[in-house]
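Chain by chain, the residues run as shown.
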Amino acid sequence: MMLNLTDVLLDDKRIAAEAVIGLKELEFSFGSFPVEKSGPVLITVEKDEKGNLEIDGRGTVSVRIPCDRCLDDVTVPLELDFVEKVPQRAEVSPEEARRGPESEDDDISAFDPDCYLDGYNLDVDKLLLGEALLNWPSRVLCREDCKGLCPVCGQNLNHGDCGCERKALDPRMAKVLDVFSKFKEV
Ligand SMILES: [Zn+2]
Ligand SMILES: [Zn+2]
């Protein structure tokens, strides 16, 4: 979704819009995650007294992330509440705005406004993608006491025990596995 900023940039007006993320999946270097519910996120854009652009956003985007232990999908609501200040810079000429983006570079950096500001338009998807990354949970569990996967057969232990001899793996096997992982590093 593109938000046209002409009213703000040329007429110093304030605009407010209910935005939804147009992406089916959030794609990052560490994986891609299906969007379960894409908002809405209330976005307001205005100029502050110094002429800087101020972009406020508040809302929730829900995504499916695998549980850290058992890999089952968990629906995680990412609460977005942000203020991005874009320093005033040389006015974008109308020609430049018409020409559109200079490159199709999809690298996302939430702090680089060039990635979500495109002439007179705000690329809401790219902005929200960057904000989602900033609010990414450090840990995702399907439940606090998730039992995880059996290290022997891979069964999800929340669904019942598989009967494997897992205890044998504990102290001595851990050492063997350590040796293996050292070999792997070489
Ligand atoms: Zn789990
Ligand atoms: Zn097992």
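The notes below deal with the structure included here. Everything numeric in this text was worked out from a predicted model, so none of it was measured.

1. Topic: the pattern of salt bridges
Scanning the entire structure with this criterion turns up nine salt bridges. Of the charged contacts, one joins Glu36 and Arg64 as a salt bridge, the two residues approaching to 2.6 Å between their closest N and O atoms. You can see Glu36 sitting in strand S4 (residues 31–37) and its partner Arg64 sitting in strand S6 (residues 53–66), a full 28 residues away along the chain. Residue class for Arg64 comes out partly exposed when judged on its relative accessible area of 29%.

2. Quick word on the pairing of strand S3 (residues 25–28)
Residues Leu26 and Phe28 line the buried face of S3, whereas the alternating positions Glu25 and Glu27 sit on a face that is not buried. Here S3 runs beside S4; their pairing, made up of four bridges, is antiparallel. Residue pairing for S4: Glu27 is matched across the bridge by Ser32. Adjacent in sequence and paired antiparallel, S3 and S4 are bridged by two residues.

3. Re helix H3 (residues 124–134)
When you tally the buried positions in H3, you get eight out of eleven residues, the bulk of the element. The backbone nitrogen of Asp125 has a side-chain oxygen 3.2 Å away, supplied by the residue at the start of H3, namely Asp123.

4. Focus on the coordination of the zinc ion (ligand 2)
Coordination angles at a metal have ideal targets, namely 109.5 degrees for four tetrahedral donors and 90 or 180 degrees for six octahedral donors. Only Cys150 (SG), Cys153 (SG), Cys162 (SG) and Cys164 (SG) from the protein coordinate the zinc ion (ligand 2), and they sit 2.2 to 2.3 Å from it. Metal-centred angles of 106 to 113° between the four donor atoms at the zinc ion (ligand 2) mark the site as tetrahedral. Look at where the donors of the zinc ion (ligand 2) fall in the sequence and you get C-x2-C-x8-C-x1-C. With Cys150 in the loop between H3 and helix H4 (171–185) and Cys164 in the loop between H3 and H4, this residue pair connects regions lying 14 residues apart in the sequence. Note on Cys150: relative accessible area 3%, which makes it buried. We classify Cys164 as partly exposed; its relative accessible area is 24%.

About the thresholds
Residues numbered from 1 in each chain as written. Chains lettered and ligands numbered in written order. Predicted model: local features only at pLDDT ≥ 70, side-chain atom pairs only at ≥ 80, totals over all residues. Heavy atoms only, no water. Salt bridge = Lys/Arg side-chain N within 4 Å of Asp/Glu carboxyl O. Helix = DSSP H or I, 4+ residues; strand = E, 2+ residues; numbered from the N terminus. Buried < 20%, exposed > 50% of the residue type's maximum accessible area, 1.4 Å probe, protein only. Pairing = 2+ DSSP bridges. Polar contact = N/O pair within 3.5 Å; in protein donor to acceptor, adjacent residues only side chain to side chain. Donors = N, O, S within 2.8 Å, 3.2 Å for Na, K, Ca; no water. Tetrahedral: all angles 85-135°; square planar, octahedral: opposite > 155°, others 65-115°.

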